[in-house]
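Secondary and tertiary structure notes
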Amino acid sequence: MTWLQYAAVILAFFISHSVPVRPKIRAVLVARLGERGFTTAYSALSLVMLAAVIAAAGHAPFVLLWSQAAWQHHVVMAGMLGVCVLLAFSVGRPNPFSFGGARNDQFDPARPGIVRWTRHPVLMALLAWSMLHLLPNGNLAHVILFGIFAGFAAMGTKLVDRRKRRLMGDDQWQALLAQVRASPLVPAPARGTKVLIRAGVALIIYTALVVLHPMVIGVPVWG
């Protein structure tokens, strides 16, 4: 694979992520697929394109910038558990501040859950995933890939904030944010079973990533 082909795959990845969520296009897709159908299709497309762009990085010209070390893999393994916890406690929860919220009309600022720590948990998970994977992948193609993802996640928080403030109105956005910040840093859950379920989901996701990583990505986690 040439550098030009690699760049084309990266471009296709970002087009596939940005075009479907544009307001007019998203409205058409939701009208045809339904909210749940759109979310499912968009998530599936995201996973396929993510696997494709990571595979492309593995076939791009190899230019070593730094070597691997055993400690890097330990850091990634520990950090990815945190990423899985962040995802498990954010996906499918009401979050009017971000793009991935579900049932936002049911959001309770007194019990904001993970939103108390970050308005954009999915983007924070992407940022952490990118930074962690930079450690053991010190070749130019992967540095470009994970660097772009990290930059995308960091800039995405600002772009989503701007869009949500515009849609909600600045006064309402500020008032809701103030209510969230006034809630306990570790809010008591309405039901403890939900916490246990989401913790279990995090462990399942983590285990699946460890098992499937060599099959999907082609690289063992301890490689």
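Anything mentioned here points back to the structure above.
The present account deals with the structure reproduced in this document. (Residues numbered from 1 in each chain as written. Predicted model: local features only at pLDDT ≥ 70, side-chain atom pairs only at ≥ 80, totals over all residues. Heavy atoms only, no water.)

**Concerning the packing of aromatic side chains**
Per the counting criterion, the structure on display carries 10 aromatic pairs. In textbook terms, an aromatic cluster arises when at least three aromatic residues are bridged by ring pairs, as seen for Phe13, Phe14, Trp129, Phe146, Phe149 and Phe152. (Phe/Tyr/Trp six-rings, centres within 6.5 Å; stacked < 30°, edge-to-face > 60°.)

**Comments concerning the packing of helix H4 (residues 121-134) against helix H5 (residues 140-168)**
It is at 8 Å that the axes of H4 and H5 come closest, and there the two elements cross at 160°. Compared by their axis directions, H4 and H5 come out roughly antiparallel. For H4 against H5, the interelement crossing comes out left-handed. Facing H4, whose interface residues are Leu123, Met124, Leu126, Leu127, Trp129, Ser130, Met131, His133 and Leu134, H5 presents His142, Val143, Phe146, Gly147, Phe149, Ala150, Phe152, Ala153, Gly156, Thr157 and Val160. Its residues placed into classes, the contact of H4 with H5 shows 14 nonpolar, 6 polar and no charged. (Axes fitted to C-alpha atoms, helices over the stretch in contact; angles between N-to-C directions. Helix = DSSP H or I, 4+ residues; strand = E, 2+ residues; numbered from the N terminus. Parallel < 35°, antiparallel > 145°, perpendicular 65-115°, else oblique. Left-handed = near helix turned anticlockwise from the far one by under 90°. Contact = heavy atoms within 4.5 Å. Nonpolar A, V, L, I, M, F, W, Y, C, P; charged D, E, K, R; others polar.)

**Remarks on the packing of helix H2 (residues 23-59) against H5**
Axis separation between H2 and H5 bottoms out at 8 Å; the angle between their running directions is 150°. Accordingly, the angle class assigned to the pair H2 and H5 is roughly antiparallel. In the packing of H2 onto H5, the handedness of the crossing is right-handed. Contacts between H2 and H5 involve Leu50, Val53, Ile54, Ala57 and Gly58 on the former and, on the latter, Ala141, His142, Leu145 and Phe149. Here the residues of the contact of H2 with H5 sort into 7 nonpolar, 2 polar and no charged.

**Some words on the nonpolar core**
If you look at the biggest cluster of nonpolar residues, it comprises 35 residues, and the most contacted ones within it are Tyr6, Val53, Met80, Phe97, Leu145 and Phe149. Looking at this core, the elements that each hand over two or more residues are helix H1 (3-18), H2, helix H3 (70-88), H4, H5 and helix H6 (170-182). Element by element, the count of residues in this core is highest for H3, at 6 residues. (Core = buried A, V, L, I, M, F, W, Y, C linked by side-chain atoms within 4.5 Å. Buried < 20%, exposed > 50% of the residue type's maximum accessible area, 1.4 Å probe, protein only.)

**Some points on a nonpolar patch on the surface**
Together, Trp3, Val63, Leu65, Trp66, Ile144 and Ile148 make up an exposed nonpolar region whose accessible area comes to about 470 Å². Mapped onto the fold, Trp66 is located in the loop between H2 and H3. Classification of Trp66 as partly exposed rests on a relative accessible area of 34%. (Patch = residues over 30% accessible without salt bridge, like charges linked within 9 Å, V, L, I, M, F, W, Y side chains within 5 Å. Areas by Shrake-Rupley, 256 points an atom, 1.4 Å probe, with all protein chains shown as cover. Salt bridge = Lys/Arg side-chain N within 4 Å of Asp/Glu carboxyl O.)

**A few points about H4**
With 14 residues, H4 should cover 20 Å at 1.5 Å per step; its first-to-last C-alpha distance of 20 Å lies within 8% of that length. Here H4 has its buried residues at Pro121, Leu123, Ala125, Trp129, Ser130, Leu132, His133 and Leu134. (Expected span 1.5 Å × (residues − 1).)

**Quick word on a positive patch on the surface**
Together, Arg22, Arg162, Arg163 and Arg166 line one region of the surface with positive charge. Of note, Arg163 is situated in helix H5. Here Arg163 falls in the partly exposed class, since its relative accessible area comes to 39%. (Lys, Arg positive; Asp, Glu negative; His and termini not counted. Charge placed at Lys NZ, Arg CZ, Asp CG, Glu CD.)

Geometry only, nothing functional implied.
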